[in-house]
Amino acid sequence: MSLPQHCPSARELDDLELFAVGALAPARFESADGVLTLVVPDAVGVAAVEAGTLELVEPEGTPIARVTVESTYPAPAGTGIVGSVETLARNEVGPFRRLYLTPVEVAAQHPDAVTVPVTAPLTSGEIEAIRDRAAGRPVALLALAGVGTPVDTDPIGLIRSTLSAAEQLSAAVVAVPLASHGDAEADHALGTTVVAAYAPGEILALPTPADDAESTEQPEASRGVVVFFTGLSGSGKSTIARALTDVVLESGARSVTSLDGDIVRRNLSAGLTFSKEDRETNIRRIGWVAAEIARHGGMAICSPIAPFDQTRQQVRQFVEDAGGDFVLIHVATPLEECERRDKKGLYAKARAGEIPEFTGISSPYEEPTDADLVIDTTGRALDDCLQEVLDLLDPYLS
Ligand SMILES: Nc1ncnc2c1ncn2[C@@H]1O[C@H](COP(=O)(O)OS(=O)(=O)O)[C@@H](OP(=O)(O)O)[C@H]1O
Ligand SMILES: Nc1ncnc2c1ncn2[C@@H]1O[C@H](COP(=O)(O)OP(=O)(O)O)[C@@H](O)[C@H]1O
């Protein structure tokens, strides 16, 4: 029988790489109170428990690790898996792959090096300080370039800038996929362990990004953002999203891509039904595209029904892993008002039993508890609702 397989998130792939090179031990995914976690869709979780083992594959499908499943727990975006990890293969491809050495390789290639952990592009002052403190000894710059760690760049940008600093110092550069897990204290502890594993000798510590995070964090105006409207059919998602798109386009403030529910279903998701499974596929597709837009600093405006909390959480994760912000707007117009509007005549058909699995009638809508804004459009003018959205998004548009 073949094992259940799962492709982990970019953050989880970084953690797996640190397990693989022996920089983090023991190699295991922890329970919900840890940070080294693995979350899979519920169906994969069920199959993994049944098989006792879960095979992890990289995005192109090559198996890279096997997890012996000890227990599971419910997580916002699916099922958390707890268990030990056996590495099958290391990722071989990707930009600057040649710089991703193991701690053993670093010790062999740079035995006398002074190690400098780098989490943000080095300033000329910092380069001079490293030169002074190294006092002629060889230097290895450890670019801590995992998902979410570099403060004012992306992982590849951090490696690129570290290479150019290294030229000035005649230093070596080693890339380390140390991801951020959103818990500053735990991440600091993890970083200390990982840096110690890579450093063959003395470590020259620079100020941590937390010390100057405020001054270097990328401003919202240039950060990628996904504005995600969710709500019942007829609640007003498309109307508000379209008006927002027009305002952003007219202002020229940033590039914007619209991913409206109906339009996506005619193109990217053509052929999908309204079963729970197909709706999840539809939303994950929208989330994947939106995250890519955010990765490149754009704004994606999405307006599907997206009735399931878990799928919305997955989209949030995609976007945050891509370095973007996820703004959730619940257009909470009640069912009675949506049905009264019945713009497309679909509610009447659903009530007559002509449309199965219609959201709000015969298929559930799980209200978000994590929305940044909740708008009930009943009896309100579009401009009034739009202004609330524009106020929320002001930092991204100025
Ligand atoms: N069974 C059923 N349930 C809900 N909606 C239905 C259904 N069948 C067709 N439609 C029309 O499809 C639009 C919703 O598509 P979405 O892709 O946004 O839905 S989902 O997020 O995948 O649940 C929705 O458009 P909006 O009114 O813009 O929301 C409907 O017009
Ligand atoms: N304040 C408002 N904001 C948005 N839509 C509104 C508002 N008031 C009334 N409507 C009407 O409600 C309907 C919403 O339809 P639509 O935007 O297609 O909803 P959805 O995309 O959520 O299915 C439109 O006919 C729109 O004119």
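In this convention, every chain numbers its residues from 1, walking through the sequence in written order. Going through the entries in the order they are written, you letter the chains from A and number the ligands from 1. For this predicted model, a pLDDT threshold of at least 70 governs which residues receive local features, and a threshold of 80 or more governs which side-chain atom pairs are given and counted, while totals over whole chains, interfaces and linings are taken from all residues. With hydrogens and water set aside, each side-chain value is computed from the structure's full complement of heavy atoms.

Looking at an unreviewed UniProt entry, one finds the protein named Adenylyl-sulfate kinase and attributed to Nocardioides massiliensis. UniProt positions are given in the numbering used here, feature names are shortened, and annotations may be inferred rather than shown by experiment. Recorded in UniProt under Catalytic activity (unreviewed entry), the annotation for the protein is "adenosine 5'-phosphosulfate + ATP = 3'-phosphoadenylyl sulfate + ADP + H(+)". Regarding the protein, the UniProt comment filed under Pathway (unreviewed entry) reads as follows: "Sulfur metabolism; hydrogen sulfide biosynthesis; sulfite from sulfate: step 2/3."

Draft legend 1. Summary view of the overall build of the protein. Scanning the protein for helices and strands turns up 14 helices and 14 strands. Scaling as 2.2 N^0.38, a compact globule of 398 residues should have a C-alpha radius of gyration of about 21 Å, and the protein matches this with 24 Å. Overall size of the protein, expressed as C-alpha extent along the three principal axes, is 80 × 55 × 35 Å. Buried means the residue's accessible area, taken with a 1.4 Å probe over protein chains only, is under 20% of the maximum for its type, while exposed means over 50%, and partly exposed covers the values in between. Taking all 398 residues of the protein together, the buried fraction comes to 48%. Across the protein, contacts joining residues at least 24 apart in sequence account for 72% of those joining residues at least 6 apart. When the accessible surface of the protein is split by element, carbon and sulfur atoms take 52% of a total near 18,300 Å². In this tally, Asp and Glu contribute negative charge and Lys and Arg positive charge; neither His nor the terminal groups of the chain are included. To locate a charge, take NZ of a lysine, CZ of an arginine, CG of an aspartate or CD of a glutamate. Mean positive and mean negative side-chain charge positions of the protein (30 and 59 charges, respectively) differ by 6 Å. Secondary structure elements follow DSSP: runs of H or I no shorter than four residues count as helices, runs of E no shorter than two count as strands, and numbering proceeds from the N terminus. Here the globule rule is a power law, 2.2 Å times the number of residues to the power 0.38, and the radius of gyration is based on C-alpha atoms. Residue contacts are defined here by distance: any two heavy atoms, one from each residue, within 4.5 Å place the two residues in contact. A 1.4 Å probe and the Shrake-Rupley method give the accessible areas. Residues count as covered only by the protein chains that appear here.

Draft legend 2. Structural detail: the environment of C7. Along the polypeptide, C7 turns up in the loop between β1 (5–6) and α1 (10–20). In this structure, C7 is in contact with V57, E58 and P59, ignoring residues within four places of it in sequence.

Draft legend 3. A look at the site of ligand 2. Within the structure, ligand 2 sits among 16 residues, and G234, K237, S238, T239 and R380 are positioned closest to it. At a separation of 3.4 Å, an oxygen atom of ligand 2 approaches a polar backbone atom of L232. Pairs of N or O atoms are called polar contacts if they sit within 3.5 Å, as long as, within protein, a hydrogen donor faces a hydrogen acceptor (for residues adjacent in sequence, only side-chain-to-side-chain pairs). Within the contact set of ligand 2, an oxygen atom lies 3.0 Å away from a backbone nitrogen or oxygen of G236. For ligand 2, whose free accessible area comes to 570 Å², the fraction covered by protein is 80%. Of all the secondary structure elements, the ones that give two or more residues to the shell around ligand 2 are α8 (237–251) and α14 (382–397). With 4 residues, the single largest contributor to the shell around ligand 2 is α8. All residues other than Ala, Val, Leu, Ile, Met, Phe, Trp, Tyr, Cys, Pro, Asp, Glu, Lys and Arg, Gly among them, are scored as polar; the first ten of these are nonpolar and the last four charged. Residue composition of the shell around ligand 2, by class: 5 nonpolar, 7 polar and 4 charged. Any residue with at least one heavy atom within 4 Å of a molecule or strand is counted as near it.

Draft legend 4. Examining the packing of helix α4 (residues 124–134) against helix α5 (residues 155–169) more closely. Two elements in contact, α4 and α5, have axes whose closest approach is 10 Å; the angle formed by their N-to-C orientations is 45 degrees. Between α4 and α5, the angle falls in the class oblique. The handedness of the crossing between α4 and α5 comes out as right-handed. For the pair α4 and α5, the contacting residues are I127, I130 and R131 in the first and A165, Q168 and L169 in the second. When grouped by side-chain class, the residues that make up the contact of α4 with α5 number 4 nonpolar, 1 polar and 1 charged. Under this scheme, a helix contributes an axis fitted over its contacting stretch, all axes are lines through C-alpha atoms, and angles between N-to-C directions fall in the 0 to 180 degree range. For classification purposes, angles smaller than 35 degrees are called roughly parallel, those larger than 145 roughly antiparallel, those between 65 and 115 roughly perpendicular, and all remaining angles oblique. Left-handed is the label given to a crossing in which the near helix is rotated counterclockwise from the far helix by less than a right angle, and right-handed is the label when the rotation is clockwise.

Draft legend 5. Local environment of the domain arrangement of the protein. Assigned domains within the protein: domain 1 (5–87), domain 2 (97–216) and domain 3 (220–397). Bear in mind that the domain bounds are from an automatic or database domain assignment. Relative placement of domain 1 and domain 2: their C-alpha centres are 27 Å apart. Domain 1 puts 11 residues into the contact, and the matching count from domain 2 is 19 residues. Buried area between domain 1 and domain 2, summed over both chains or domains, comes out near 1,200 Å², and the portion from carbon and sulfur atoms is 69%. The largest share of the area that domain 1 buries against domain 2 comes from R11, D14 and V35, three residues that together contribute 42% of it. Counted as salt bridges are all cases of a side-chain nitrogen of Lys or Arg within 4 Å of a carboxyl oxygen of Asp or Glu. Across the domain 1-domain 2 interface, the total number found is 1 salt bridge. Here R97 ties to E17 by a salt bridge, and the two come within 2.9 Å at their closest N and O atoms. Buried area, as used here, totals the accessible surface that two parts lose on assembly, with accessibility defined by a 1.4 Å probe and the loss added over both.

Draft legend 6. Highlighting the sheet that holds strand β10 (residues 225–230). Taken in spatial order, the 5 strands make up an open sheet running β11-β12-β10-β13-β14, and their pairing is parallel. Across the chains shown, the open sheet's two edge strands, defined by having one partner strand only, are β11 (256–260) and β14 (373–375). Pairwise comparison of adjacent strand axes, ignoring direction, gives a mean angle of 15 degrees for this sheet. Note that β10 and strand β13 (residues 325–331) share 6 bridges and pair parallel. Bridging across to β13, F228 finds its partner in L328. Where helix α11 (residues 309–321) meets the sheet, it contacts β10 and β13, and its direction lies at approximately 150 degrees from that of β13. Across the face of the sheet, α14 comes into contact with β10, β12 (299–303), β13 and β14 while running at roughly 175 degrees to β13. At least two bridges found by DSSP between two strands are what make those strands a pair.

Draft legend 7. Broad picture of the UniProt feature "domain: APS kinase" (unreviewed entry) in the protein. With numbering matched to this structure, UniProt assigns "domain: APS kinase" (unreviewed entry) to residues 223–376. Segment residues 223–376 splits into 44% helix and 17% strand. End C-alpha atoms: 28 Å apart.

Draft legend 8. Representation of the nonpolar core in the model. The biggest cluster of nonpolar side chains holds 32 residues, and the ones touching the most others in it are L54, V176 and Y198. Both domains that meet at this core, namely domain 1 (5–87) and domain 2 (97–216), each give it at least three residues. Once residues lying within four places of it in the same chain are set aside, the contact partners of Y198 are L18, V21, A23, L101, T102, P103, V106, L142, V174 and V176. Here, the term nonpolar core denotes a set of buried Ala, Val, Leu, Ile, Met, Phe, Trp, Tyr and Cys residues that are joined through side-chain atoms within 4.5 Å. By size, the runner-up hydrophobic cluster in this structure holds 23 residues, among which are L99, L122, A171 and L204.

Draft legend 9. Structural context of the sheet that holds strand β9 (residues 172–176). Read across the sheet, 3 strands follow the order β7-β8-β9 without closing on themselves; strand pairing throughout is parallel. Two strands in the sheet have a free side with no partner beyond their single neighbour: β7 (114–118) and β9. Neighbour-to-neighbour, the strand axes of the sheet open up by a mean angle of 25 degrees, direction not taken into account. Note that β7 and strand β8 (residues 139–144) share 5 bridges and pair parallel. Counted as the bridge partner of V116 is L141 from β8.

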